[in-house]
Amino acid sequence: MMVETGKKVPAWTAQSSNGDISLADFAGKRLVLYFYPKDSTPGCTTESQNFRDAVDAFAAENAVIVGVSRDSLKSHANFITKQSLPFTLISDPEEKLCELFGVMKLKNMYGKQVRGIERSTFLIDENGKLAQEWRGVKVPGHVDAVLEAVKAL
């Protein structure tokens, strides 16, 4: 089962940098769930820094930011410390959340096909419904677009 815009997101639980978390933990809040390929790579670092720099603007709109990748909790801890990230990162090595949101894709890297996370962001409203999604995200301007969508909810 995969998420659909306008429909309730199925319940999920995951391991995160702040212990186990679930969709239910965000009831009554807007959740910005962004999936990125790998900690400490250039595009992922820039995207995470952009969300970090806008965290107060999101909070003012009752929105919480959570990042998701297949990296380990140890990798996430290092990434959070190095980039001063004020939000939770989910470790999804078994790709359960990645599959639920349909973000695993075949990508070309150095002439080889590899399976990886397609940079994607999902906006879930206060009632647990998927309000909007962005797939195949390009980092420049993305956080601003997500913030505008949050304000429009």
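Basis of the calculations
Position labels on residues start from 1 in each chain and follow its written sequence. Side-chain atom pairs in this predicted model are given and counted only at pLDDT of 80 or more, local residue features only at pLDDT of at least 70, and totals for whole chains, interfaces and linings cover all residues. Values shown for side chains rest on all heavy atoms present in the structure; no hydrogens or waters enter the calculation. Residues belong to a common nonpolar core when they are buried Ala, Val, Leu, Ile, Met, Phe, Trp, Tyr or Cys residues joined through side-chain atoms within 4.5 Å. Here's how the labels work: a residue is buried when its accessible area is under 20% of the maximum for its type, exposed when over 50%, partly exposed in between, all with a 1.4 Å probe on protein chains only. Put simply, DSSP marks the helices as runs of H or I at least four residues long and the strands as runs of E at least two long, and each gets a number from the N terminus on. The criterion used for residue contact is that any of the two residues' heavy atoms lie within 4.5 Å. We treat Lys and Arg as the positive residues and Asp and Glu as the negative residues; His and chain ends play no part in the count. What makes a salt bridge here is a side-chain nitrogen of Lys or Arg within 4 Å of a carboxyl oxygen of Asp or Glu, nothing more. Here a polar contact is taken to be a pair of N or O atoms separated by no more than 3.5 Å, where protein atoms must pair a possible hydrogen donor with a possible acceptor and residues adjacent in sequence count only if both atoms sit in side chains. When two cysteine sulfur atoms are found within 2.5 Å, that pair is recorded as a disulfide. In this scheme Phe, Tyr and Trp rings, the latter by its six-membered ring, pair at centre separations within 6.5 Å, and the angle between planes marks the pair as stacked below 30 degrees, edge-to-face above 60, and tilted otherwise.

*Asks:* Hey, could you run me through the nonpolar core in this one?
*Replies:* The tendency in soluble globular proteins is for nonpolar side chains to be buried side by side. Within the largest apolar cluster, 23 residues are counted, with the highest numbers of intra-cluster contacts made by Trp 12, Leu 33, Phe 35, Ile 90, Leu 97 and Phe 101. Secondary structure elements with two or more residues in this core: strand S3 (30-35), strand S4 (63-69), helix H4 (96-100) and strand S8 (120-124). Filtering out sequence-adjacent residues up to four positions away, Phe 101 remains in contact with Met 2, Val 3, Val 9, Trp 12, Leu 33, Phe 35, Phe 122, Ile 124 and Arg 135. Grouped together as the second largest cluster of nonpolar side chains are 22 residues, Tyr 34, Phe 58, Trp 134 and Val 146 included.

*Asks:* Honestly, the side chain of Asp 39 in this entry has me stumped. Any pointers?
*Replies:* Along the polypeptide, Asp 39 turns up in the loop between S3 and helix H1 (42-53). Of the side chains bearing the opposite charge, Lys 38 lies closest to the buried Asp 39, which forms no salt bridge; the N-O distance is 7.0 Å. At 2.5 Å, the side chain of Asp 39 forms a polar contact with the side chain of Tyr 36. Not counting residues within four places of it along the chain, the set of residues in contact with Asp 39 comprises Ser 69, Asp 71, Ser 75, His 76, Phe 79 and Leu 89.

*Asks:* Teacher, can you tell me more about the state of the cysteines here?
*Replies:* Every disulfide links exactly two cysteines, by a covalent bond between their sulfur atoms. With the rule as written, the count across this model stands at 0 disulfides. No disulfide involves Cys 44; its sulfur sits 12 Å from the nearest other cysteine sulfur, which is in Cys 98.

*Asks:* Help me out: how do you make sense of the packing of aromatic side chains in this one?
*Replies:* Any two aromatic rings considered together are summarised by their centre-to-centre distance and by the angle between their planes. According to the stated counting rule, one finds 8 aromatic pairs in the structure shown. A centroid spacing of 6.0 Å and a plane angle of 80° characterise the contact between Tyr 34 and Phe 87, whose relative ring orientation is edge-to-face. Of the two residues, Tyr 34 sits in strand S3 while Phe 87 sits in the loop between helix H3 (73-83) and strand S5 (88-91), which places them 53 residues apart along the sequence. Overall, the relative accessible area of 0% leaves Tyr 34 in the buried class. Look at Phe 87 and you get buried, because its relative accessible area is 7%. Plain terms: the ring middles of Phe 35 and Phe 122 are 5.6 Å apart, the flat faces sit at 90° to each other, and that makes the pair edge-to-face.

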